[in-house]
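Breakdown of the fold
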Amino acid sequence: MARKTKTPRWLEAARRRTGPVSPGARTDWLARALGRAGVMPRAEAEKAIRDGRVEVGGRVEREPFAPVHSGVEVRVDGQVRSMEAPLLVLMFHKPAGVVVAGTDPESVGTVFERLREVLPAELQCFEWYAIGRLDRDTTGLLLFTNDERVVQHGTSPDTHLPKRYVADVAGRPSEEALARLREGLVLDDGPTRPAGARLLGPERVELVLTEGRHHQVKRMLAAVGHPVRTLHREAVGTVVLDVPVGTWRKLSESEVSEGLGFNSTST
Ligand code: URA
C-alpha cells in the first residue's frame, strides 16, 4: 500500500496564511528555526511565541508553526536575533540506563537530560536531535545535531552509513554463525544486509551494520543462538567514540562531511 505523505505543520500554517509555497523555498516554522539557530530550545520557543515575546518582520507572532522565511527580521523581547544556524554535530558517550526518547514514563532519565547537564551555556539554547537510537541498556556513541537534515541523512535506510558495535554474548559463536551474520539472515521484518562480523574474544563479537532496524544487533545475534548480554557502539561512519562515558565533544567539519558523509549543500 502506498504511504501517504504527511504535510509538515509549518507548510500547513504557511498555506493558511499565504497560499501556495514554492517547493524549493527555504522556509521553516518559527519555533523550530529558533531552536536550530540556538536562540532557545523548541519547547521554550513555543512558549515564548504564545506569550507574545517574538516578532517576525515587525509583527508579534503567536503561532509556533508560523512560516519564517530566510532573511526576515526576528526579535525576541525586542532584541534582534540572528536566525543563521551553524551546522553542529556532537558526539556523546551514552551511559547505560538512560532512554533515547523525549519523554521518560519510567523515570529512568533521558539522554537529552544527560546531555544538557554537561553542555556549556552557549550550547544549551539549541534544540538537540539524536541521530538514531540506542536501547536503554546500550552504551557508546550517540550523535546529536541541531539540524534535522543530518538526522535524516544518518537514519535514512538509503544512506548505508556503517555502525560498529561490540557485543558480549552468551556462548562462543562458531565460524558458521559469523558467516550467517556476514551474509545476511532473515529476521521477522525481512532479510538483513550483508554485515561485518568477527570474533574479538571467546564471547565477544564485533558487528558492523549498514542499516539501523529496531533492536537489530540483538535480534541478529539471538537468531544465530548467541543472545546479547551487553552492547556498546564504537563508531558511526568513520567517527570513532573517543570521550569518556557521560561526556561529549563537537565533531569537526571534516568529521561531518567525510566521517558521516553529510554534505549540507546537496540536501
Ligand atoms: N541494535 C540493538 O539491538 N540495540 C541497539 O541499541 C542498537 C542496535
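Heads up: these notes are all about the structure in this document. (Residues numbered from 1 in each chain as written. Predicted model: local features only at pLDDT ≥ 70, side-chain atom pairs only at ≥ 80, totals over all residues. Heavy atoms only, no water.)

1. Section: the site of the ligand
Operational definition: Each residue is tested against the molecule or strand, and it is near if at least one of its non-hydrogen atoms lies within 4 Å. Pairs of N or O atoms are called polar contacts if they sit within 3.5 Å, as long as, within protein, a hydrogen donor faces a hydrogen acceptor (for residues adjacent in sequence, only side-chain-to-side-chain pairs). Reported accessibility uses the Shrake-Rupley method at a 1.4 Å probe radius. Residues are deemed covered only where the shown protein chains occlude them. Buriedness for pockets is judged along seven lines, at least five of which must meet protein on both sides within 12 Å for an open set on the 1 Å grid over protein atoms alone, while cavities are sets there where a 1.4 Å probe fits but cannot get out, and lining residues have an atom within 4 Å of a point. Criterion for pocket placement: a molecule counts as inside a cavity or pocket if more than half of its atoms are within 2 Å of its grid points. In DSSP terms, a helix is any run of H or I states spanning at least four residues, a strand is any run of E spanning at least two, and both are numbered starting from the N terminus. Residue ranges labeled as domains rest on an automatic or database domain assignment.
Around the ligand, the neighbouring residues are Leu134, Asp135, Thr138, Tyr165, His215, Gln216, Val217, Lys218 and Leu231. A distance of 2.8 Å separates an oxygen atom of the ligand from a polar atom in the side chain of Thr138. Burial of the ligand by the protein chains amounts to 95% of its free accessible area of 240 Å². The cavity where the ligand resides is the largest pocket. Counting residues per element, the shell around the ligand draws most heavily on helix α8 (residues 216–223), which supplies 3 residues. When residues of the shell around the ligand are sorted by domain, at least three fall in each of domain 2 (89–157 + 239–266) and domain 3 (163–236).

2. Some thoughts on the side chain of Asn146
Stated formally: Pairs of residues are marked as contacts when any of their non-hydrogen atoms sit within 4.5 Å.
Residue position: Asn146 is located in the loop between β9 (139–145) and α6 (148–155). Within the local environment of Asn146, its side chain forms a polar contact with the backbone nitrogen of Leu88, the two atoms lying 3.0 Å apart. Every residue in contact with Asn146, bar those within four places of it in the chain, is listed here: Arg36, Pro86, Leu87, Leu88, Phe126, Glu127, Trp128 and Tyr129.

3. Digging into the layout of surface pockets
Over the atoms a probe the size of a water molecule is rolled, and this reveals where empty space is left. Let me state the cut-off plainly: Grid points are joined across faces, edges and corners, and a volume is the space filled by probe spheres set on the points.
Counted as a void, the largest pocket has a volume near 580 Å³. Considering the residues around the largest pocket, the lining is formed by 30 residues, among which Gly132, Arg133, Leu134, Gly212 and Arg213 are closest to the centre. Listing elements by their share of the lining of the largest pocket, those giving two or more residues are α6, β10 (163–169), α8 and β15 (228–236). The element best represented in the lining of the largest pocket is α6, accounting for 4 residues.

4. Structural notes on the packing of aromatic side chains
Our working rule: When two rings of Phe, Tyr or Trp (its six-membered ring) have centres within 6.5 Å they constitute a pair, described as stacked for plane angles under 30 degrees, edge-to-face for angles over 60, and tilted for the intermediate range. Here's how the labels work: a residue is buried when its accessible area is under 20% of the maximum for its type, exposed when over 50%, partly exposed in between, all with a 1.4 Å probe on protein chains only. Placement of a charge over a ring requires the Lys NZ or Arg CZ to be within 6 Å of the ring centre, with the centre-to-atom vector within 35 degrees of the ring normal.
Inspection of the entire model under this criterion finds 4 aromatic pairs. Ring geometry for Trp29 and Phe65: centres 4.9 Å apart, planes at 55°, overall tilted. One end of the pair, Trp29, is in strand β1 (residues 27–29); the other, Phe65, is in the loop between β3 (59–60) and β4 (67–69), and 36 residues separate them in sequence. In this pair, the class of Trp29 matches that of Phe65, namely buried. When the centroid spacing of 5.6 Å and the interplanar angle of 45° are considered together, the rings of Phe126 and Trp128 count as tilted. Overall, the relative accessible area of 4% leaves Trp128 in the buried class. A cation over a ring is seen here: Arg32 above Trp29, with NZ or CZ 4.3 Å from the ring centre.

5. Focus on the sheet that holds β3
Selection rule: For two strands to pair, DSSP has to find at least two bridges joining them.
The strand order β3-β2-β5-β6 describes an open sheet built from 4 strands, whose pairing is antiparallel. Looking at strand neighbours, the two that pair on one side only are β3 and β6 (79–81), the edges of this open sheet. Here strand β2 (residues 54–56) pairs with strand β5 (residues 74–76) via 3 bridges, running antiparallel. Paired with Val56 across the bridge in β5 is Val74.

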